[in-house]
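Read off the chains here:
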Amino acid sequence: MSNETKAVKSGSHMPEFLRRLFVGLKRKPSIIALIVLAIAFFQYSLNLTHISDTTAKIQGPGMGLCGFVTMLFSMLSMVCFLNAFPKRKKPVIPMVILMFLMFALIIFCDFHYCTLIDNARFREVNPIVIDKSTIYIAQAYNVLQNHIVIESIGAALVLLLPVYSKLLRKINTSITVEDNGKLDVIDISGED
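Bear in mind the structure is a predicted one, so any value in this text is a computation, not a measurement. (Residues numbered from 1 in each chain as written. Predicted model: local features only at pLDDT ≥ 70, side-chain atom pairs only at ≥ 80, totals over all residues. Heavy atoms only, no water.)

## Regarding the overall build of the protein
This is how it is decided: Secondary structure counts use DSSP, requiring at least four H or I residues in a row for a helix and at least two E residues in a row for a strand, with both numbered from the N terminus. Only protein chains enter the accessibility calculation, which uses a 1.4 Å probe; a residue is then buried when its area is under 20% of its type maximum, exposed when over 50%, and partly exposed in between. Contact criterion: two residues are considered in contact whenever any of their non-hydrogen atoms come within 4.5 Å of each other.
Within the protein, the secondary structure is distributed over eight helices and two strands. If you list the helices and strands of the protein from N to C, you get α-β-α-α-α-α-α-α-α-β. For the protein, with 192 residues in total, the buried portion stands at 34%. Looking at the protein alone, contacts between residues at least 24 apart form 79% of all its contacts between residues at least 6 apart.

The structure is reproduced here in structure tokens:
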């Protein structure tokens, strides 16, 4: 970038990378909620070994189904999200409703799975003891608790999308271009 170009672009109060980030967010503010939902999906899927081992150890009623539903609907909710908010169009209401139903089922399944872990740990007959060999049960419990929180934050961000998209639009990302004294030299008449 030459010194002349640097002199022309001025007046911005924020660094260029930050300005571009805010311009992108102003154009598509729904990306914030999508990133949170992707974080929830990766947090769950990267710790799926602990959840599978816990299911095999405890073998509670519906534990495998809860893990399957959570994994499947985590993926499908992101697909619904992408279809619910098409580019430069109004939101598709049936997809938004379907997405929130999936959020509710994911949170319910995570909560039910945690309840089954608690029941297995505190039952009177043959309770599950968490020690070095079964530490994965505590890790699975923590993963599910974190997943509930992150998924709830994602659902809240989808719900509050109209609010923070208006707030993002109020951020000034324009660049003022100053006259460097050479604008009178430019011939725009098209005559040779």
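## Some points on the layout of surface pockets
To keep it simple, the criterion reads: Of the two site types, the cavity is a set of points on a 1 Å grid over the protein atoms alone where a 1.4 Å probe fits but cannot get out, and the pocket is an open set with protein on both sides within 12 Å along at least five of seven lines, each lined by residues with an atom within 4 Å of a point. Grid points are joined across faces, edges and corners, and a volume is the space filled by probe spheres set on the points. Under the scheme applied, nonpolar residues are Ala, Val, Leu, Ile, Met, Phe, Trp, Tyr, Cys and Pro; charged residues are Asp, Glu, Lys and Arg; polar residues are all the others, including Gly.
Taken as a whole, the largest pocket spans an internal volume of roughly 490 Å³. Taken together, 20 residues make up the lining of the largest pocket; nearest its centre are Pro29, Ser30, Phe85, Lys89 and Leu161. If one sorts the elements of the lining of the largest pocket by residue count, helix α8 (residues 161–169) sits on top with four residues. The residue inventory of the lining of the largest pocket, partitioned by class, reads eleven nonpolar, two polar and seven charged.

## Observations concerning the environment of Ala40
Residue position: Ala40 is located in helix α3 (residues 31–45). Ala40 gets classed as buried once you look at its relative accessible area, which sits at 0%. Sequence-wise, Ala40 and Gly154 are 114 residues apart; in three dimensions their C-alpha atoms are separated by 8.2 Å. Setting aside residues no more than four positions away along its own chain, Ala40 makes contact with His147, Ile150 and Glu151.

## Topic: the packing of helix α7 (residues 135–159) against α8
Where we set the bar: Geometry is summarised by axes, namely lines fitted to C-alpha atoms with helices restricted to the contacting stretch, and by angles between N-to-C directions that run from 0 to 180 degrees. Note on angle classes: values under 35 degrees are labelled roughly parallel, values over 145 roughly antiparallel, values of 65 to 115 roughly perpendicular, and the remainder oblique.
Contact geometry for α7 and α8: axes closest at 5 Å, N-to-C directions at 65°. The angle between the axes of α7 and α8 places the two elements in the roughly perpendicular class. In contact with Leu157, Val158 and Leu159 of α7, α8 contributes Leu161, Pro162 and Tyr164.

## Topic: the packing of α3 against helix α5 (residues 63–84)
Rules: The handedness criterion is simple: a crossing whose near helix is rotated anticlockwise from the far helix by less than a right angle is left-handed, and one whose near helix is rotated clockwise is right-handed.
Two numbers describe how α3 lies on α5: the axes approach to 10 Å, and their chain directions differ by 160°. The orientation of α3 relative to α5 falls into the category roughly antiparallel. As α3 packs across α5, the resulting crossing turns out to be left-handed. Residue-level inspection shows Ala33, Leu34, Leu37, Ala38, Phe41, Tyr44 and Ser45 of α3 in contact with α5, the latter providing Gly67, Thr70, Met71, Ser74, Met75, Met78, Phe81 and Leu82. Tallied by class, residues from the contact of α3 with α5 come to eleven nonpolar, four polar and no charged.

## Observations concerning the packing of aromatic side chains
Filter applied, for reference: When the centres of two rings from Phe, Tyr and Trp lie within 6.5 Å, Trp using its six-membered ring, the rings pair. Their planes under 30 degrees apart give stacked, over 60 give edge-to-face, and anything left gives tilted.
Tallied over the full model, the rule gives three aromatic pairs. Ring geometry for Phe81 versus Phe85: centroids 5.0 Å apart, planes at 55°, classification tilted. For Phe85, a relative accessible area of 12% corresponds to the buried category.

## Section: α8
Let me state the cut-off plainly: What the arc covers is the set of directions going from the helix axis to the C-beta atoms.
Within α8 the residues assigned to the buried category are Leu161, Tyr164, Ser165 and Leu168. The buried residues of α8 occupy one face: seen down the axis, they fall within an arc of 110°. Structural note: α8 exposes Lys166 and Leu167 on the side pointing more than 90 degrees away from its buried face.

## Notes on the nonpolar core
The line we're drawing: The term nonpolar core refers to a set of buried residues drawn from Ala, Val, Leu, Ile, Met, Phe, Trp, Tyr and Cys, joined through side-chain atoms within 4.5 Å.
Of all hydrophobic cores here, the largest spans 45 residues; its most connected members are Phe81, Phe85 and Met99. Those elements giving two or more residues to this core turn out to be α3, α4 (48–58), α5, α6 (93–121), α7 and α8. With eleven residues, the single largest contributor to this core is α6. Excluding its chain neighbours within four sequence positions, the residues that come into contact with Met99 are Ser77, Cys80, Phe81, Phe85 and Val158.

## Digging into a positive patch on the surface
For clarity, the cut-off: Patch membership is restricted to residues that have no salt bridge and whose relative accessible area is over 30%. Joining uses 9 Å for like charges and 5 Å for the nonpolar side chains Val, Leu, Ile, Met, Phe, Trp and Tyr. Residue exposure ignores everything except the shown protein chains as possible cover, and the areas themselves are Shrake-Rupley values with a 1.4 Å probe. Put simply, a salt bridge is a Lys or Arg side-chain nitrogen that is within 4 Å of an Asp or Glu carboxyl oxygen. By the counting scheme adopted, Arg and Lys are positive, Glu and Asp are negative, and His together with the chain ends is not counted. Taken as the charge location is NZ of Lys, CZ of Arg, CG of Asp or CD of Glu.
Together, Arg27, Lys28, Lys87 and Arg88 make up a positively charged patch on the protein surface. Structurally, the position occupied by Lys28 is in the loop between α2 (16–27) and α3.

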